[in-house]
Amino acid sequence: MRVTPAVRALVTWLAIAVVLGVALLAARLHTSGLDDPDLAMQRPGYLDAVGPQSAAPLVTGSIPASGHIAVVFFVRPAQQKPLLAALSRPHALPSDVDTVVVGGPANLSETAVATVTDQDGTLAEGYDMPEPRDSGYPVGYAVVGPNGLIRYRTLDPAVATRLGEVRTMLRGLK
Amino acid sequence: MNRPVSWLRGAAVTLAVEALLYVSYPAHEARLHWFTSFFVGGSVALIGMTVYVAQENRRVPLPGMWVILGHVVAMFPDLLFVAGIAHRRWMDVSSAT
């Protein structure tokens, strides 16, 4: 059979499409129950990307406070300890940023970071945090601007190891 | 160097560079950014090569480099993000060009 240029081009195109299709499928197979159902909306990297720019509910008596930037972390028990350890390191987050960890059991005496329980998920709901694939409590964070509006919310199952990314988003606010 | 060998070498270099770009996204949820920027950058590269062939009426030199260049331009916001600069809407231009 004579292979015409058109046939050769078609075979090449098909081969590339199959390889890329398989690679895309393989990449999508590796997900976790903590992931956002829409991975494109997980750690999108720009402010005001996900959800409305709504007012942030109070997490503690003073956070978020007017004129202050705040980061509200939402975690399950498994992430609480590593996140608190990461936050306790010097320069983990800028000192002028209020930080609070929501979800784990309150243990204010042992950490400099405020921790708040959210047994019924009211706070996560108030922050309009995305629901993870396993429909459980969200693991991620919200960034609140100095005007009290939520500017960024995302699920991030590995947030304890990615505080640098939180700092990047905080820089984006300024 | 004969054409098949040259073609194979170019394809191998392109695949190797693209593989490196892929693993530069360590987080599993970020890997789809590789696909997005590859498809966008690769499409622009294909359009550019088509225009080149139509105008010059000869083979495109280093076609793999066109794809890699288009891909790197499209993923430029991700490179900035790694450097600590958050995405901004205007950066969408790198994916739109």
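Up top you'll find the structure we're talking about.
Quick summary incoming for the structure in this document. (Residues numbered from 1 in each chain as written. Chains lettered and ligands numbered in written order. Predicted model: local features only at pLDDT ≥ 70, side-chain atom pairs only at ≥ 80, totals over all residues.)

**Some remarks on the pairing of strand β4 (residues 140–144) of chain A**
Residue and element names in this part refer to chain A. Counting buried positions along β4 gives 5 out of 5 residues, so the element sits mostly inside the fold. Covered by surrounding structure in β4 are G140, A142 and V144 together with Y141 and V143, the residues of both alternating faces. In this sheet, strand β5 (residues 150–155) lies alongside β4 in antiparallel orientation, the contact comprising 5 bridges. Note on β5: the bridge partner recorded for A142 is R153. (Buried ≥ 20, exposed ≤ 12 C-beta atoms within 10 Å, placed from the backbone. Helix = DSSP H or I, 4+ residues; strand = E, 2+ residues; numbered from the N terminus. Pairing = 2+ DSSP bridges.)

**Here we look at the interface of chain A and chain B**
Of the residues lining the interface, 15 residues belong to chain A; the matching set on chain B comes to 11 residues. Those elements giving two or more residues to the side of chain A that touches chain B turn out to be α1 (5–29) and α4 (163–173) of chain A. Looking at the side of chain A that touches chain B residue by residue, the class counts come to 7 nonpolar, 5 polar and 3 charged. (Contact = placed C-beta atoms within 7 Å. Nonpolar A, V, L, I, M, F, W, Y, C, P; charged D, E, K, R; others polar.)

**Let's talk about the nonpolar core**
V72, F73, F74, Y141 and A142 of chain A are the most contacted members of the largest nonpolar core, which totals 33 residues. Contributing elements (two or more residues each) for this core: β1 (69–74), α2 (77–87), β2 (97–102), α3 (122–126), β4, β5 and α4 of chain A. It is β1 of chain A that contributes the most residues to this core, 6 residues altogether. Beyond its immediate sequence surroundings of up to four residues, V72 of chain A is in contact with V59, V100, V102, Y127, Y141, A142 and V144 of chain A. By size, the runner-up hydrophobic cluster in this structure holds 5 residues, among which are V44, A45, W66 and V67 of chain B. (Core = buried A, V, L, I, M, F, W, Y, C linked by C-beta atoms within 7 Å.)

**Section: unusual backbone geometry**
Residue and element names in this part refer to chain A. Look at the link from I63 to P64: it is a cis peptide, with omega at -5°. Along the chain, P64 turns up in the loop between α1 and β1. Phi is positive for D48, close to 60°, though the residue is something other than glycine. One can find D48 in the loop between α1 and β1. For D48, a count of 15 C-beta atoms within 10 Å gives the class partly exposed. The phi angle at D128 is positive, at roughly 55°, despite the residue not being glycine. Within the fold, D128 resides in the loop between α3 and β4.

**Regarding the sheet that holds β4 of chain A**
Residue and element names in this part refer to chain A. Overall, mixed pairing links the 5 strands, which are arranged β3-β2-β1-β4-β5 in an open sheet. Both edges of this open sheet fall to β3 (114–116) and β5, since each of them pairs with a single strand only. Between one strand and the next, the sheet's axes are offset by a mean angle of 20°, whatever the strand orientation. Pairing geometry for β1 and β2, over 6 bridges, is parallel. (Axes fitted to C-alpha atoms, helices over the stretch in contact; angles between N-to-C directions.)

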